Amino acid sequence: LQFSFSASGLSPFLCTLKMFALFDSRISLYYHESENGFKEAGMRRGTESELTVITRAKELAQYILTVTDKSPKKFRFTLTSRLQNYSLSVIESLYKANHVFLGSSSQRDLQFEKRLTLQHEAMTQLRLLSYLSMVARECQCILPRQQAQISSKVMETQRLLYAWMKSDETRK
């Protein structure tokens, strides 16, 4: 997928948000002209309820996309892109885990294992995201307060993911 930023009049950040919005059909991206003539974008969420862990992971990804939009050019294709990719991969793994159908008893054990594998994958990605944010702070790619905020959001998402895994374990 190639997208020309200059032809669209959008910044790379808005294009990333647009791609992120395409990932989840319940989020739509809208544009409007502000008073000073600039295009602004926002995201609307659907009314369907979703797991809190997925909502927190989306908030984490949105924060990382916002923070890394202003990162130094020399880190744009290394640390910045890795932070963005891991944050979106966490959401992907959580959605996949949530959509594993726990149906009939003959397939139930296999489906639990598949869900658990995807949950562990999301947990690993969260740990890598936390480490990369620390490296990004040490390289002055992001500010210390931004790294603290990312760490806080990662820990909250990990806590909710762990609770989900424990809940599945008791249902088994």
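A few points on the structure. Fair warning: this is a prediction, and the values are worked out from it, not measured in the lab.

### Examining the overall build of the protein
Along the backbone of the protein there are six helices and two strands. Reading the secondary structure of the protein in the N-to-C direction produces α-α-β-β-α-α-α-α. Looking at the protein as shown, the accessible area adds up to about 10,500 Å², and 53% of this sits on carbon and sulfur atoms.

### Focus on the side chain of S151
Locating S151 in the fold gives a position in helix 6 (residues 144–171). The exposure class assigned to S151 is buried, which follows from its relative accessible area of 18%.

### A word on the packing of aromatic side chains
By the definition in use, this model includes zero aromatic pairs. Cation over ring: K153 sits above Y63, and NZ or CZ is 5.7 Å from the ring centre.

### Regarding the nonpolar core
V53, L60, L79, L94, L129 and L161 are the most contacted members of the largest nonpolar core, which totals 35 residues. Those elements that provide at least two residues to this core are helix 3 (52–68), helix 4 (79–98), helix 5 (105–138) and helix 6. Those residues within four positions of L79 in sequence are excluded, and the remaining contacts are L132, V135, A136, C139 and C141.

### Structural notes on the packing of helix 5 against helix 6
The interhelical angle for the contact between helix 5 and helix 6, taken along N-to-C directions, is 165°, at an axis separation of 10 Å. By the angle class used here, helix 5 and helix 6 are roughly antiparallel. Crossing hand, helix 5 versus helix 6: left-handed. In terms of residue class, the contact of helix 5 with helix 6 is made up of 14 nonpolar, eight polar and six charged.

### Regarding the pattern of salt bridges
Inspection of the entire model under this criterion finds six salt bridges. Across the pair E50 and K58 runs a salt bridge whose closest N-O atoms are separated by 3.1 Å. The exposure class of E50 is partly exposed, given its relative accessible area of 21%. Between K96 and E92 there is a salt bridge, with the nearest N and O atoms lying 3.2 Å from each other. Here K96 pairs with E92, and both are found in helix 4, just four residues apart, close to one helical turn.

What counts and what doesn't
- Here, residues in each chain are numbered from 1, in the same order as that chain's written sequence.
- Side-chain atom pairs in this predicted model are given and counted only at pLDDT of 80 or more, local residue features only at pLDDT of at least 70, and totals for whole chains, interfaces and linings cover all residues.
- In computing side-chain properties, one takes all heavy atoms of the structure into account and sets aside hydrogens as well as water.
- What counts as a helix is a DSSP run of H or I of at least four residues, what counts as a strand is a run of E of at least two, and both are numbered from the N terminus.
- Every accessible area reported is derived by Shrake-Rupley at a probe size of 1.4 Å, with residue values counting cover from the shown protein chains alone.
- Remark: exposure states derive from per-residue accessible area (1.4 Å probe, protein chains only) relative to the maximum for the residue type, with buried under 20%, exposed over 50%, and partly exposed in between.
- Centres within 6.5 Å make a pair out of two Phe, Tyr or Trp rings, where for Trp the six-membered ring is used; the pair is then stacked when the planes are under 30 degrees apart, edge-to-face when over 60, and tilted otherwise.
- A ring is considered to have a charge above it if a Lys NZ or an Arg CZ atom is located within 6 Å of its centre and within 35 degrees of its normal.
- Among buried residues, the Ala, Val, Leu, Ile, Met, Phe, Trp, Tyr and Cys ones that are joined through side-chain atoms within 4.5 Å form a nonpolar core.
- Any pair of residues with heavy atoms lying within 4.5 Å of one another is described as a contacting pair.
- Helix axes use the C-alpha atoms of the stretch in contact, all axes being lines fitted to C-alpha atoms, and the angles between their N-to-C directions lie in the range 0 to 180 degrees.
- Should an angle fall under 35 degrees it is called roughly parallel, over 145 degrees roughly antiparallel, and 65 to 115 degrees roughly perpendicular, with every other angle called oblique.
- A crossing counts as left-handed when the near helix is turned anticlockwise from the far one by less than a right angle, and as right-handed when that turn is clockwise.
- In this classification, Asp, Glu, Lys and Arg are treated as charged, Ala, Val, Leu, Ile, Met, Phe, Trp, Tyr, Cys and Pro as nonpolar, and every other residue, Gly included, as polar.
- Criterion for a salt bridge: a side-chain nitrogen of Lys or Arg within 4 Å of a carboxyl oxygen of Asp or Glu.

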